[in-house]
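Examining the three-dimensional arrangement
Listed below are the residues making up each chain.
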Amino acid sequence: MFRKLWSLLAPFHRTFLVFVFLAFLYETVQLGNSYVISLVVTLFGSGVAAYTWIFLVAGLLLFDELNMRLDNAFDWHIIAKQSHPLYRFLKLSAISKFLKMNIPWHHKHNSGTLVGKVGDGVWKTLEIVDVMSWEFVPTVVQTVISLIPLFFISPWVALISIVTFVLFAWLTIKGNREKEPFRAKRQDYYEDEWNKSIASVQSVETNLMFGQQERLLRDQSAIHDGIIGEALQEHRLGIFKYNRWRIRVLTVARRVVLVIWILQLLQGSLTLASLIFVSVLVERLFSSFWRFARLLDRAAQNSEGAKRLADLLSEAEPVETGSIQTLPSKPLGISIQDVCFAYEGDYSEEDGALHDFSLDIEPGQVTALVGPSGAGKTTIRKIVTRLAGCQKGSIFVGGIDINDWDGPQLLEQFSYVPQGDDVYIFDETIRYNISFPRPEATDEEVINASKLAGIHDFVLGLKDGYNTQVGERGIRLSGGQKQRVALARAILANRPILILDEATSAVDAITESEIQTNMRTILTGKTALVIAHRLSTVWGLADKIVVMDNGKKVEEGTHAQLVDQGGLYAKMVSLQTE
Ligand SMILES: Nc1ncnc2c1ncn2[C@@H]1O[C@H](COP(=O)(O)OP(=O)(O)OP(=O)(O)O)[C@@H](O)[C@H]1O
Ligand SMILES: [Mg+2]
């Protein structure tokens, strides 16, 4: 775990090494402090001249000043170079990871759990780094520096201290290993808790309407029981097993050290002044053993959250294979050839969403895609934009295989209005939302797109007009208004290919007919794929209508041809016009 964390924090290695150096310097000065006390005792006995004392006092004052300055440098180094920059680094790495991962990856991960994992992981990583910097490294340095003089003055005591330390560290590491499974389970509970907490907030209206608040609270309560259960087992192991053994080891060591000193005093190999010095050293050593243990415990406590963040940040990102140098001329056509596609795993007849599907979307023309719910219409949008990869078949945009396009460059060719709830409205102003794909767009461009999308008059009626804040996910807008904001956004993006997935399904009949009138202008010079359930919105517009059912193309032709054929399309038309 620590190795993984260490490689994750590569940009901070240098800062950390500078800090270890400062710690050594600081602790050496601290050691000088204990030595000065024993020096004063020696000098008292030998009756030195008065000016020696003056030098000593001046020296001590200088020493204290140096000590304080080192302490400051130490603190500042950690705060300015490590704590805050590290927070920024971890958070940005996580966001960058989210932005780079593909759609199937996002579909596999629950967003509440992801956000919780990052928040928790970042704080836990910071806590580990803080523990290491403020306490662990200084303790290691203090231990090493205290051991050196001890070896000269009282070698046996130094040896016993080392043995004690090894035993102590072994017990601590072993204890933490044994606690790992409890911690992992506890972390699973936390992840479940984040997911359910976010769901409780987002589903508030559904809960209120169906009166299920108590049940959600009970679910949460069960998760917390689980957390406490795992935590108690972990602490029981720590307190009643490993801590007891640590105390036994230390107590025995203290007794043995005392005996050694008595023997050394009797033999005359230890003076009273040296005894003061070594007893300070041993006290520092033994207390640093405890600190070691507690610090390792604390780092281990945070290790599971930090490990999961490290795992997330080291997940492989999709590799770009595209290499085209020159863009094809516009308008761009799309050709889908014998595509088989399943959302998860390998394609099979049963699990697939598209089966041997072929379709040509002519450049500069309007192709309509119709068919029953679940037929695979939205899936077509995902595969032509490479948001989801096909298991079989090929797709060409502008005559170039989509795998040869550079991913972002391919997406720059598309603009879209997603279906229903997939429209994402930011908690910002209407202007921000419409101009999202082109933040540099002029007011005139924004207004023009809004007029074409039939939303301009509504925006003018608002007190703050285009500067109106729309609330989380556009909560202050109606369904039809959100859809028109999304349409204005797609128009403003002004890309060669436009995909409209039920773009006006939530709009009233009068506004819809206004938008229909504008469609010719909106689609001029563009290749369009229009998906609709309400057939009247496409039959006057589309150059070609493709009917899908069960992931397959079942009919293709103009409105008149399809009605004449008397198949699925003719049936849908007759049901809608009855
Ligand atoms: N992310 C996904 N993971 C797994 N299966 C999915 C996913 N999205 C859609 N499906 C499945 O793929 C099939 C086609 O879905 P798609 O959304 O393309 O239908 P659609 O024709 O757009 O339907 P609608 O008219 O209701 O929007 C459906 O059976 C659906 O359950
Ligand atoms: Mg759909």
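For the protein chain, the name recorded in an unreviewed UniProt entry is ABC transporter related protein, with Candidatus Collierbacteria bacterium GW2011_GWA2_46_26 as its organism. UniProt, in its Subcellular location (unreviewed entry) section for the protein chain, records the words "Cell membrane".

Right, let's get into the packing of helix H5 (residues 111–153) against helix H9 (residues 272–313). It is at 6 Å that the axes of H5 and H9 come closest, and there the two elements cross at 160°. By the criterion of interaxial angle, the relationship of H5 to H9 is roughly antiparallel. Where H5 crosses over H9, the two elements pack in a sense that is left-handed.

Take the environment of Ala-169 next. With respect to the element layout, Ala-169 can be found in helix H6 (residues 155–202). C-alpha separation for the pair Ala-169 and Asp-427, spaced 258 residues apart in sequence, amounts to 52 Å.

A word on the coordination of the magnesium ion (ligand 2). Donor atoms from the polypeptide that bind the magnesium ion (ligand 2) are Thr-378 (OG1) and Gln-419 (OE1), placed at 1.9 to 2.3 Å. Here Gln-419 lies in the loop between strand E6 (414–417) and helix H12 (430–434) and Thr-378 lies in helix H10 (residues 377–384), a separation of 41 residues in the sequence. For Thr-378, a relative accessible area of 17% translates into the label buried. A relative accessible area of 30% places Gln-419 in the partly exposed class.

Take the UniProt feature "transmembrane region" (unreviewed entry) in the protein chain next. Per the UniProt entry, the sites bearing "transmembrane region" (unreviewed entry) are residues 6–26, 35–63, 144–173 and 256–282 in this numbering. Annotation note: span residues 35–63, helix share 90%, strand share 0%, distance between end C-alpha atoms 12 Å. Between the C-alpha atoms that bound residues 256–282 there is a distance of 12 Å. The span itself is 85% helix and 0% strand.

This part takes up the pattern of salt bridges. In the structure shown here, the tally under the stated rule is 26 salt bridges. The partner of Glu-65 in a salt bridge is Arg-69, and the shortest N-O contact between them spans 2.8 Å. Of this pair, Glu-65 and Arg-69 both sit in helix H3 (residues 50–100), four residues apart, roughly one helical turn. The exposure class of Glu-65 is partly exposed, given its relative accessible area of 35%. Through salt bridges with shared partners, one network takes in Lys-117, Asp-188, Glu-191, Glu-304 and Arg-308.

With mixed pairing, six strands are arranged side by side in an open sheet as E6-E7-E8-E3-E9-E10. Each edge of the open sheet is held by one strand with a lone partner, namely E6 and strand E10 (552–557). If you compare each strand with its neighbour and ignore which way they point, the axes differ by 20° on average. Both strand E3 (residues 366–370) and strand E9 (residues 544–549) contribute to a ladder of four bridges, which runs parallel. Counterpart to Val-370 in the pairing with E9 is Val-547. The strands touched by helix H15 (residues 479–493) within the sheet are E6 and strand E7 (497–501), with E6 carrying the most contacts at an inclination of about 170°.

Near ligand 1 you find 13 residues, and of these Ser-373, Lys-377, Thr-378, Thr-379 and Gln-419 are the closest. At 2.9 Å, a backbone N or O of Gly-376 approaches an oxygen atom of ligand 1. Between ligand 1 and the protein, one listed contact pairs an oxygen atom with a side-chain N or O atom of Thr-379 at 2.5 Å. Protein contacts shield 65% of the accessible area of ligand 1, which totals 630 Å² for the unbound molecule. Counting residues per element, the shell around ligand 1 draws most heavily on H10, which supplies three residues. Taken together, the residues of the shell around ligand 1 sort by class into four nonpolar, eight polar and one charged.

In this section: the packing of aromatic side chains. Counted according to the given criterion, the structure contains 20 aromatic pairs. Pairing Tyr-424 with Phe-426 gives two aromatic rings, centres 5.0 Å apart and planes at 70°, and the pair type is edge-to-face. An aromatic cluster is defined as three or more aromatic residues linked by ring pairs; in this entry it consists of Phe-136, Phe-165, Phe-168, Phe-286, Phe-289, Trp-290 and Phe-292. Residue placement shows Arg-248 over the ring face of Trp-245; its charged tip is 4.6 Å from the ring centre.

According to UniProt, the positions carrying the feature "domain: ABC transporter" (unreviewed entry) are residues 334–575. Within the segment residues 334–575, helix and strand shares are 34% and 23% respectively, and the terminal C-alpha atoms sit 31 Å apart.

Another aspect to go through is the nonpolar core. Judged by nonpolar contacts, the single largest core of 46 residues is most densely connected at Val-370, Ile-434, Leu-500, Leu-523 and Tyr-569. The element contributing the most residues to this core is H15, with seven residues. Per-domain counts for this core show at least three residues from each of domain 2 (324–413 + 495–578) and domain 3 (424–492). With sequence-adjacent residues up to four places away left out, Ile-434 is seen in contact with Val-446, Ser-450, Tyr-466, Val-485, Ala-488, Arg-489 and Leu-492. The next biggest cluster of nonpolar side chains, apart from the first, holds 35 residues, and it includes Ile-145, Leu-147, Leu-270 and Val-278.

As a further point, take the pairing of E9. Along E9, five of the six residues are buried, which leaves the element largely enclosed by surrounding structure. The pairing of E9 with E10 spans five bridges and is antiparallel. Looking at the pairing, Val-547 lines up with Glu-555 of E10. Linking E9 to E10, which pair antiparallel, is a turn of two residues; within it Asn-550 sits at a positive phi near 55°.

Calculation notes
Residues numbered from 1 in each chain as written. Chains lettered and ligands numbered in written order. Predicted model: local features only at pLDDT ≥ 70, side-chain atom pairs only at ≥ 80, totals over all residues. Heavy atoms only, no water. UniProt positions renumbered as here; feature names shortened; annotations may be inferred. Axes fitted to C-alpha atoms, helices over the stretch in contact; angles between N-to-C directions. Helix = DSSP H or I, 4+ residues; strand = E, 2+ residues; numbered from the N terminus. Parallel < 35°, antiparallel > 145°, perpendicular 65-115°, else oblique. Left-handed = near helix turned anticlockwise from the far one by under 90°. Donors = N, O, S within 2.8 Å, 3.2 Å for Na, K, Ca; no water. Buried < 20%, exposed > 50% of the residue type's maximum accessible area, 1.4 Å probe, protein only. Salt bridge = Lys/Arg side-chain N within 4 Å of Asp/Glu carboxyl O. Pairing = 2+ DSSP bridges. Contact = heavy atoms within 4.5 Å. Near = heavy atom within 4 Å. Polar contact = N/O pair within 3.5 Å; in protein donor to acceptor, adjacent residues only side chain to side chain. Areas by Shrake-Rupley, 256 points an atom, 1.4 Å probe, with all protein chains shown as cover. Nonpolar A, V, L, I, M, F, W, Y, C, P; charged D, E, K, R; others polar. Phe/Tyr/Trp six-rings, centres within 6.5 Å; stacked < 30°, edge-to-face > 60°. Lys NZ or Arg CZ within 6 Å of the ring centre and 35° of its normal. Core = buried A, V, L, I, M, F, W, Y, C linked by side-chain atoms within 4.5 Å. Domains from an automatic or database assignment.

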